[in-house]
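Inside the fold
Listed below, chain by chain, are the residues.
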Amino acid sequence: MAVKVNPEECIGCTACVSACPFGAIVMEDGKALITDACTACGACIDVCPVGAIHREVEEKNVSMNKDEFKGVWVYIEQVGGQARNVGYELLNEGRKLADAMGQELAGILIGDNVDQLTKEVFARGADTIYLVEGKEFSHYSTDAYTITLTDLIHTYKPAVILMGATNDGRDLGPRVAGRVGTGLTADCTNLGIDPATGLVAWTRPAFGGNIMATILCPDHRPQMGTIRPNVFKRSAPDYSRTGEIIRVDSKVKMTDIRTKLLEIIREGVASANLEEAEIIVSGGRGLSKPESFALIEELAEVLGGAVGASRAVVDAGWKPALYQVGQTGKTVGPKVYFACGISGAIQHVAGMSSSDIVIAINKDPEAPIFKIANYGIVGDVMEVIPALIDEIKKVKTAG
Amino acid sequence: MDIVVCVKQVPDTTEVKIDPETNTLIRQGVPSIVNPFDKNAVEAALQLREKYGGKVTILSMGPLQSKEALKECLAMGADEAILLSDRAFGGSDTLATSHALAAGLRKMGKVDIILCGKQAIDGDTAQVGPEIAEHLGIAQVTYVSKITAVDEQVIRVEREHEEGYEVIEAQMPVLLTVVKSINEPRYPTVKGTMKANRKEIPIWTVDDVEVDRDALGLKGSPTQVRRIFTPERRVQGEIMQADTAREAAALLVKRLVDVKII
């Protein structure tokens, strides 16, 4: 569906040129011209004051019978038999989509000895569980999991698949979408149903979090997306819920797996907890020197929270990349997020804006972080944090 | 060893600002750069060549101005660079892009290692790498933070994971996507830049590669952008009004006790 300008109608106002997020419109002979960089997002159509820009409907050669595909699937990612929270978060959100579509919600469980998770998956909202078990799934591998998920898709034909945008989810998702030949929207932060088409409307940040894009997958099935951990909440489990478990045999041969996991090296506990933490204390450039990061660690410790870092701090080598919160780092959604000496660049905010309460400490009262903070202190982090640690300790010992 | 690095020219999104009046992106004056993670991939390729010998080729898909990005990679020390550029590729989503790049890679013949940055900073999808590996039918390892050993059959790498690192051995040929911590990309030397300026960068159009045209461009893109908008920001909260840091801290702690955080 290419977007075209009708030169007869174009008045040369250039409104579309500045509205185009991709810089794909240029002026030629006083008329707007859409270049190859166009992604057909339609931002220009909305701003054109004379309606000179329109979408051209193009024939697609898609042989898929879309009506055969039914149901919303949630991929339940597990590590060593422990489900990651994101699967349960997506069951809660997937339930809403499935109800709106009048279809059923299924959980996809692939692993070794994972049937003990079925009770929890039902309790979190699934009607059905597709269960594939075997030794070949004891650790995640691209090949074994791709073969299995693709096989389930071909056999049971879901309309929608939701996956967590974790490292493994973002490894598996594109591989499966590529094999099935369907659309995958990465790293979504919001989901809904597009009222005009009934399709899933996948919303995600782009351009470093500067803009949001809502994406549809009209002609291919399943509609697939990876969704960031911590942007949706889990529902309270209802253990009276049960459903049908469909056991499917593994089609994976050991020779299909071209990677071998030799060893897992775990980092410190703090980093491991970042995505599941209820309290996070993050430090930024305002700390001025790497040694000052100890203050962040101390504050996190008295609060019983995890430690995070801004990109500036990671780029400067004060902290390993595992601690980075933001668009290119981790997405977190704790109950409380302390941003200490972090200006609040849009790239950082993209990784923590779903936190329940944001507390900002920065000496610049104009820092953008204060715009999204629930509580703020304008002051030098080097003075404020030690005072804060003292005050918290006082309250804790008194309580 | 034949190594190909897939790179993308992107607007420097850290320089992109929103016009508060129109709520649209201000692109004027925003420089076009080599996607930063792709530079890490180029550096990783150069280090592999230094250790094991062979050839490093850069492959990109994009408009003709992407040649600038390819020149920068040549100036860093890559041997060759090829640009896939054609109207037929315009408007591609990740799947259509991966089909075009995979077609380019097939035309190159024998490739041992394909390197990509973990994601591009304009789209942030991290999907094109795995989709290329799928079309070529080869193994992949994503989020690679270290390449420790390579021989003709296997490559040993460390992969970044939520809880730490995994040590993985993958069969060759392989596609790796790399994270920033893998290395510090070198700067182009003056000599390298001069050499790069003299170097011919072949342009491959859709007619130069074997590919199903229906898999390319807008036509081959299953996903469509429906709407673009600027994210909403939260309303202003409360700034602790106090004369000293200690008073401000005490006030904040009181608020946190009130809302039962402490």
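Criteria and cut-off values
- Residues numbered from 1 in each chain as written.
- Chains lettered and ligands numbered in written order.
- Predicted model: local features only at pLDDT ≥ 70, side-chain atom pairs only at ≥ 80, totals over all residues.
- Heavy atoms only, no water.
- UniProt positions renumbered as here; feature names shortened; annotations may be inferred.
- Helix = DSSP H or I, 4+ residues; strand = E, 2+ residues; numbered from the N terminus.
- Buried < 20%, exposed > 50% of the residue type's maximum accessible area, 1.4 Å probe, protein only.
- Contact = heavy atoms within 4.5 Å.
- Areas by Shrake-Rupley, 256 points an atom, 1.4 Å probe, with all protein chains shown as cover.
- Lys, Arg positive; Asp, Glu negative; His and termini not counted.
- Charge placed at Lys NZ, Arg CZ, Asp CG, Glu CD.
- Pairing = 2+ DSSP bridges.
- Phe/Tyr/Trp six-rings, centres within 6.5 Å; stacked < 30°, edge-to-face > 60°.
- Buried area = accessible area lost by both parts, 1.4 Å probe.
- Salt bridge = Lys/Arg side-chain N within 4 Å of Asp/Glu carboxyl O.
- Polar contact = N/O pair within 3.5 Å; in protein donor to acceptor, adjacent residues only side chain to side chain.
- Nonpolar A, V, L, I, M, F, W, Y, C, P; charged D, E, K, R; others polar.
- Domains from an automatic or database assignment.
- Core = buried A, V, L, I, M, F, W, Y, C linked by side-chain atoms within 4.5 Å.
- Expected span 1.5 Å × (residues − 1).

You'll find chain B entered in an unreviewed UniProt entry as Electron transfer flavoprotein small subunit, with Pelosinus propionicus DSM 13327 given as the organism. What UniProt states about chain B under its Sequence similarities (unreviewed entry) heading is, verbatim, "Belongs to the ETF beta-subunit/FixA family." The heading Cofactor (unreviewed entry) in the UniProt record of chain B holds the text "AMP".

Going by an unreviewed UniProt entry, chain A carries the name Electron transfer flavoprotein alpha subunit apoprotein and comes from Pelosinus propionicus DSM 13327. As recorded by UniProt, the Sequence similarities (unreviewed entry) comment attached to chain A reads in full: "Belongs to the ETF alpha-subunit/FixB family."

**Description of the overall build of chain B**
From N to C terminus, chain B includes six helices and 15 strands. Dimensions of chain B, computed from the C-alpha atoms along their principal axes, are close to 70 × 45 × 40 Å. The 262 residues of chain B split such that 56% are buried. For chain B, contacts bridging at least 24 residues in sequence account for 69% of all contacts bridging at least 6. Accessible surface computed for chain B: about 11,500 Å², of which carbon and sulfur atoms make up 48%. Charged side chains in chain B number 33 positive and 39 negative. The centres of these two groups are separated by 2 Å.

**What to know about the pairing of strand E14 (residues 211-216) of chain A**
With six of six residues buried, E14 of chain A is to be regarded as a mostly interior element. Burial along E14 of chain A is two-sided: the face carrying Ile211, Ala213 and Ile215 of chain A and the face carrying Met212, Thr214 and Leu216 of chain A are both buried. Pairing analysis gives five bridges linking strand E13 (residues 200-206) of chain A to E14 of chain A, with the strands arranged antiparallel. When the bridges of E14 of chain A are listed, arginine 204 of chain A appears paired with alanine 213 of chain A. Turn length for the E13 of chain A-E14 of chain A hairpin, with the two strands adjacent in sequence and antiparallel, is four residues, and the turn residue phenylalanine 207 of chain A shows positive phi of about 50°. Taken together, the five bridges between E14 of chain A and strand E14 (residues 224-229) of chain B define a ladder with antiparallel strand orientation. Residue pairing for E14 of chain B: leucine 216 of chain A is matched across the bridge by glutamine 224 of chain B.

**Notes on the packing of aromatic side chains**
Residues and elements named next belong to chain A. Under the definition given, this model contains four aromatic pairs over all chains. Ring geometry for tryptophan 73 against tyrosine 130: centres 5.0 Å apart, planes inclined by 45°, an arrangement best described as tilted. Of this pair, tryptophan 73 sits in strand E5 (residues 72-75) while tyrosine 130 sits in strand E9 (residues 128-133), and the two are 57 residues apart along the sequence. An identical accessibility class is assigned to tryptophan 73 and tyrosine 130; each is buried. Ring geometry for phenylalanine 137 versus tyrosine 145: centroids 5.5 Å apart, planes at 85°, classification edge-to-face. The residues phenylalanine 137 and tyrosine 145 share a single accessibility class, namely buried. Through a chain of ring-to-ring contacts, three or more aromatic side chains come together here, namely Trp73, Tyr130 and Tyr156.

**Topic: the pairing of strand E9 (residues 139-150) of chain B**
Residue and element names in this part refer to chain B. Here four bridges tie E9 to strand E12 (residues 174-178), and the two strands are oriented parallel to one another. If you follow valine 144 over to E12, its bridge partner there is valine 178. Pairing of E9 with strand E10 (residues 154-161) involves five bridges; the strand directions are antiparallel. Across the sheet, valine 150 pairs through a bridge with isoleucine 155, a residue of E10. Once E9 ends, the chain turns through three residues before running back antiparallel as E10.

**A word on the interface of chain A and chain B**
On the side of chain B, 86 residues touch chain A, which itself brings 110 residues to the contact. For the pair chain A and chain B, the two sides together bury roughly 8,700 Å², of which 55% comes from carbon and sulfur. Three residues stand out in chain A for area buried against chain B, namely Asn167, Arg258 and Tyr375 of chain A, and they jointly supply 8% of the buried area on that side. Between the two partners, chain A and chain B, sit ten salt bridges. Ionic pairing is found between aspartate 194 of chain A and arginine 226 of chain B, a salt bridge with its closest N-O pair at 3.6 Å. Applying the counting rule to chain A against chain B returns 42 residue pairs in polar contact (both at pLDDT 80 or more). Top element by residues in the side of chain A that touches chain B is helix H12 (residues 381-398) of chain A. It accounts for nine residues. Per-class residue counts for the side of chain A that touches chain B are 52 nonpolar, 30 polar and 28 charged.

**A look at the domain arrangement of chain A**
Residue and element names in this part refer to chain A. Domain parsing of chain A yields domain 1 (2-56), domain 2 (66-256) and domain 3 (269-397). Of note, the centres of domain 2 and domain 3, computed from C-alpha atoms alone, are 32 Å apart. Facing the ten residues of domain 2 at the interface are twelve residues of domain 3. In total, domain 2 and domain 3 occlude about 980 Å² of area from one another, counting both sides; carbon and sulfur atoms represent 35% of this. Counting across the domain 2 and domain 3 interface gives one salt bridge. As a salt-bridge pair, lysine 233 and aspartate 356 come within 3.3 Å of each other at their nearest N and O atoms. Applying the counting rule to domain 2 against domain 3 returns six residue pairs in polar contact (both at pLDDT 80 or more).

**Some details on the nonpolar core**
Formed by 40 residues in total, the largest nonpolar core has its most connected members in Leu299, Phe338, Cys340 and Leu388 of chain A. Core analysis: the next-biggest nonpolar cluster, separate from the first, contains 38 residues, Ile58, Met76, Ala139 and Val141 of chain B among them.

**Focus on the pattern of salt bridges**
Between side chains of opposite charge, pairing is possible as soon as their charged atoms come close. Considering all chains together, one arrives at 43 salt bridges over all chains under this definition. For the salt bridge of glutamate 391 of chain A with arginine 246 of chain B, the shortest nitrogen-to-oxygen distance reads 3.5 Å. With glutamate 391 of chain A in helix H12 and arginine 246 of chain B in helix H6 (residues 245-258), the pair connects residues from two separate chains. The exposure class of arginine 246 of chain B is partly exposed, given its relative accessible area of 40%. Bridged by salt links that share partners, the residues Glu77 and Arg84 of chain A together with Glu162 and Glu163 of chain B form one connected network.

**A closer look at the domain arrangement of chain B**
Interfaces are often sized by the amount of accessible area the parts lose when they come together. Parsing chain B into structural domains produces domain 1 (2-215) and domain 2 (234-262). Measuring from the centre of the C-alpha atoms in domain 1 of chain B to the corresponding centre in domain 2 of chain B gives 47 Å.

**A short note on H12 of chain A**
Turn by turn, an α-helix covers 3.6 residues, leaving residues three or four places apart pointing in a common direction. Taking 1.5 Å of rise per residue, 18 residues should cover 26 Å, and H12 of chain A covers 25 Å from first to last C-alpha, within 8% of that figure. Buried residues in H12 of chain A make contact with helix H8 (293-303), strand E20 (336-340), strand E21 (357-362) and strand E22 (375-378) of chain A together with H6 of chain B. Between a side-chain oxygen at the N-terminus of H12 of chain A and the backbone nitrogen of methionine 382 of chain A the separation is 2.9 Å; the capping residue is aspartate 380 of chain A.

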